[in-house]
Amino acid sequence: MIPARVEYVAPHSVTEAVGALVEAGEDAKVLAGGQSLLPVLRLRMAYPSVLVDLGRIDGMRGVREEGSSVVVGAMTRHSDVIDDPLVRRYAALLASATATVADPQVRHRGTFGGALAHADPAGDLPAVAVALDAEMVAEGPGGRRTIPASEFFVDYLQTALEPGEILCEVRIPKLDGEWSAHYEKFNRTAQAWAIVGVAAAVRRSNGTIVEARVGLTNMSSTPVRARGVEAALAGASADAATVADAATRAVEGTNPPSDLSGQADYRSHLATVLTRRAVSRAAHIG
Amino acid sequence: MQVAMTVNGRPVHGEIEPRMLLVHFVRDQLGLTGTHWGCDTSNCGTCVLWMDGEPVKSCTVLAAMAHGHEIRTVEDLERDGELDPVQQGFVEQHGLQCGFCTPGMMMTARWLLDHNPHPSEAEIREAISGQICRCTGYANIVRAIQWAAEHPRVEPETVPEAFAAAGQAPERSGEEVGVR
Ligand SMILES: Cc1cc2nc3c(=O)[nH]c(=O)nc-3n(C[C@H](O)[C@H](O)[C@H](O)COP(=O)(O)OP(=O)(O)OC[C@H]3O[C@@H](n4cnc5c(N)ncnc54)[C@H](O)[C@@H]3O)c2cc1C
Ligand code: FES
Ligand code: FES
């Protein structure tokens, strides 16, 4: 099937894009890589009046270094994120998770910003943004503002972006030195969405886990920061038993969905197992 | 609205509705029916073609988004009447039965081998993991791609001209029209 009739504009700057959104009113939709939006339009699950395609705004693509942050343009494609040297060095968790998103063909079109703005609880990248304390830089009719990842994901498919606002770039505080990371995703068929996913970054010094960051995918209507696990790991001995023990706290504060891929209790079990695996891999244990 | 792009080395343009998908522009307006259309959910991968040198799902790109870009379809694999090694590999290793998934598989395979001439089986399977074959099964498709890796085309000196020539006049193959 093809989408319903829709207007299309392709502005060349963020300011123009915001202008186009404001002019078109509430039925306008931002179009980034189209890898979530176009399937929705083809299934006629949404009927926007205007699509504002960000694909011709050059300044929204690419990764740069700014002081203690890595700044990823919202229109940077998944395939470019995975291979980016700055991302690999300072935000390895993002590279690890992005490599599990969809398939190579979808990764050639889908964007980092689109995956965050879409805010699918099963999407792999929101949990990473939350775990890394990323900041979302948005521009709208009222100017620019910065939204912490912890406040960005509001509910199922809902973000803190206001109508007329565009996510421009994402600032990720660098994790350097002794940090290492791993994203552990569980699904049943090739390239399916995560039933549960766990994003873990660990700073290990000799036999000790100094500090850990853990984010959970699909354990609630928004990504969850596993603070209990982080607290249990801080300063703990880097051994299998300690990590397994800490991982049991992964379910704290979660509200997992029940759907065709699994019931809530099954997801809770998975969260524990996958947290153990993700942290162990990140910390090079076992 | 008007769109213009390069398809198989040839400039093309057309009048389209903004909602038109790239797969339909290529099939219905350009008559290049080698690129297939198989699903509404971006899962099957039979629509894979190249956009700016990279395989993408053309059912998940608006024709309008491809304006000014370079497209390459399965019709461009053959050069001067000679099959691409990937095409020959599918012949040699029984890489297709009904052929519905084949164009997408071959476009991904060509891209993979261009970037990684000696892929492992795991790398081949990862490359085609977003593409579904419902009848041949993946074992023979993997073998077909391995065959192509073992039999690379010996590039003539005049590659650019040969490449351009192959893209001149895409043949319309009757048997593939109206699959849906
Ligand atoms: C077959 C398939 C499998 C997939 N599997 C996975 C998977 O396993 N894991 C995963 O995480 N994702 C998966 N995805 C989704 C993929 O990651 C998408 O790329 C992503 O969700 C959306 O990015 P996009 O750039 O394509 O955005 P679009 O589809 O263009 O937009 C998505 C939504 O975000 C809004 N939006 C986009 N960019 C902005 C912006 N800069 N500012 C404001 N609003 C914006 C749009 O208006 C729209 O509502 C899959 C997609 C497909 C087709
Ligand atoms: S038709 Fe494009 S993925 Fe199925
Ligand atoms: S050959 Fe029939 S679907 Fe693959």
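Scoring rules and cut-offs
Residues numbered from 1 in each chain as written. Chains lettered and ligands numbered in written order. Predicted model: local features only at pLDDT ≥ 70, side-chain atom pairs only at ≥ 80, totals over all residues. Helix = DSSP H or I, 4+ residues; strand = E, 2+ residues; numbered from the N terminus. Rg over C-alpha atoms; globule rule 2.2 N^0.38 Å. Buried ≥ 20, exposed ≤ 12 C-beta atoms within 10 Å, placed from the backbone. Contact = placed C-beta atoms within 7 Å. Pairing = 2+ DSSP bridges. Axes fitted to C-alpha atoms, helices over the stretch in contact; angles between N-to-C directions. Near = placed C-beta within 6 Å. Nonpolar A, V, L, I, M, F, W, Y, C, P; charged D, E, K, R; others polar. Domains from an automatic or database assignment. Core = buried A, V, L, I, M, F, W, Y, C linked by C-beta atoms within 7 Å. Expected span 1.5 Å × (residues − 1).

**So, the overall build of chain A**
Within chain A one finds 12 helices and 15 strands. A compact globule built from 286 residues would reach a C-alpha radius of gyration of about 19 Å, and chain A, at 19 Å, matches this within 12%. With respect to the three principal axes, the spread of C-alpha positions in chain A is 60 × 45 × 30 Å. Counting only residues that meet the buried cut, chain A has 52% of its 286 residues in that class.

**Observations regarding the overall build of chain B**
Helix and strand counts for chain B come out as six helices and five strands. Along the chain direction, N to C, the helices and strands of chain B fall in the order β-β-α-β-β-β-α-α-α-α-α. The burial tally for chain B puts 47% of its 180 residues in the buried class. Considering only contacts in chain B between residues 6 or more positions apart, those separated by 24 or more positions represent 65%.

**Thoughts on the sheet that holds strand E2 (residues 10-15) of chain B**
All names here are of chain B. Pairing in this open sheet of five strands is mixed, and the strands run E2-E1-E5-E3-E4 from one edge to the other. Each edge of the open sheet is held by one strand with a lone partner, namely E2 and strand E4 (54-57). Across the sheet, the axes of successive neighbouring strands diverge by a mean angle of 40°, strand direction being ignored. The pairing of strand E3 (residues 48-51) with strand E5 (residues 70-72) spans two bridges and is classified as antiparallel. Within E5, the residue paired with Trp-50 across the bridge is Arg-72. This element, helix H3 (residues 102-115), spans E3 and E4 of the sheet and lies at about 40° to E3.

**Observations regarding the site of ligand 1**
With respect to spatial proximity, 32 residues lie near ligand 1, and among them A:Gly33, A:Gln35, A:Gly110, A:Gly114 and A:Ala117 are the closest. What surrounds ligand 1 is not a single chain but chains A and B. Broken down by secondary-structure element, the contributors of at least two residues to the shell around ligand 1 are strand E2 (28-31), helix H2 (37-42), helix H7 (112-118) and strand E10 (166-173) of chain A. With five residues, H7(A) is the single largest residue contributor to the shell around ligand 1. Partitioning the shell around ligand 1 into residue classes produces 17 nonpolar, 13 polar and two charged.

**Things to note about unusual backbone geometry**
All names here are of chain A. Unlike most non-glycine residues, Ala-102 shows phi in positive territory, near 50°. Note that Ala-102 resides in the loop between helix H5 (92-98) and helix H6 (104-107). Looking at Ala-102, the number of C-beta atoms within 10 Å reads 25, which means it is buried. In this model, His-284 sits at a positive phi of 55°, which is unusual for a non-glycine residue.

**Looking at the interface of chain B and chain A**
Each partner contributes to the interface: chain B provides 22 residues, whereas chain A provides 26 residues. Class assignment of the residues belonging to the side of chain B that touches chain A gives a composition of 11 nonpolar, seven polar and four charged.

**Regarding the domain arrangement of chain A**
All names here are of chain A. Here chain A is described as being made up of domain 1 (7-56), domain 2 (58-173) and domain 3 (179-282). Distance between the C-alpha centres of domain 1 and domain 2: 18 Å. Contact with domain 1, which involves 13 residues of that partner, is made by 17 residues of domain 2. Take the side of domain 1 that touches domain 2: its biggest share by element is five residues, from helix H1 (residues 14-24). Taken together, the residues that form the side of domain 1 that touches domain 2 break down as eight nonpolar, four polar and one charged.

**Concerning the environment of B:Thr102**
Residues and elements named next belong to chain B. Summarising the element assignment, Thr-102 is placed in helix H3. Each C-alpha atom of the pair Thr-102 and Gln-87 lies 9.2 Å from the other, and the pair is 15 residues apart in sequence. If we ignore the near neighbours within four places in the chain, the residues touching Thr-102 are Phe-90 and Leu-96.

**Considering the nonpolar core**
When a protein is soluble and globular, its nonpolar side chains tend to lie buried together. Ranked by size, the top nonpolar core spans 94 residues in total, and within it A:Leu93, A:Val128, A:Ala200 and A:Val279 carry the most contacts. What A:Ala200 contacts, discounting residues up to four positions off in sequence, is A:Ala181, A:His182, A:Ala212, A:Val214, A:Ala278, A:Val279 and A:Ala282. Of all hydrophobic cores here, the second largest spans 48 residues; its members include B:Leu21, B:Ala64, B:Cys101 and B:Ile128.

**Examining the environment of A:Val154**
Residue and element names in this part refer to chain A. Along the polypeptide, Val-154 turns up in strand E8 (residues 153-155). With 13 C-beta atoms counted inside 10 Å, the residue Val-154 sits in the partly exposed group. Through-space distance from the C-alpha of Val-154 to that of Ser-221 is 8.4 Å; in sequence the pair is 67 residues apart. With near-sequence residues (within four places) excluded, Val-154 lies in contact with Thr-159, Ala-160 and Thr-222.

**Concerning helix H12 (residues 264-282) of chain A**
An ideal rise of 1.5 Å per residue puts 27 Å on 19 residues; H12(A) measures up with 26 Å between its terminal C-alpha atoms. Of the positions making up H12(A), those classed as buried are A:Arg267, A:Leu270, A:Ala271, A:Leu274, A:Thr275, A:Arg276, A:Ala278, A:Val279, A:Ser280 and A:Ala282.

**Here's the deal with the pairing of strand E13 (residues 208-217) of chain A**
All names here are of chain A. In terms of burial, E13 is largely enclosed, as seven of its 10 residues are buried. Bridging between strand E12 (residues 196-205) and E13 involves nine bridges; their strand directions are antiparallel. For Arg-204, the partnering residue across the bridge sits in E13 and is Ile-209. Linking two consecutive strands that pair antiparallel, namely E12 and E13, is a turn of two residues; a positive phi of about 50° is found at Asn-206 within it.

**Description of the domain arrangement of chain B**
All names here are of chain B. Split by domain assignment, chain B resolves into domain 1 (2-76) and domain 2 (85-150). Taking only C-alpha atoms, the centre of domain 1 and the centre of domain 2 are 21 Å apart. Contacts between domain 1 and domain 2 engage 15 residues on the former and 11 residues on the latter. Looking at the side of domain 1 that touches domain 2, the elements that each hand over two or more residues are E3 and E4. When its residues are assigned to classes, the side of domain 1 that touches domain 2 shows seven nonpolar, seven polar and one charged.

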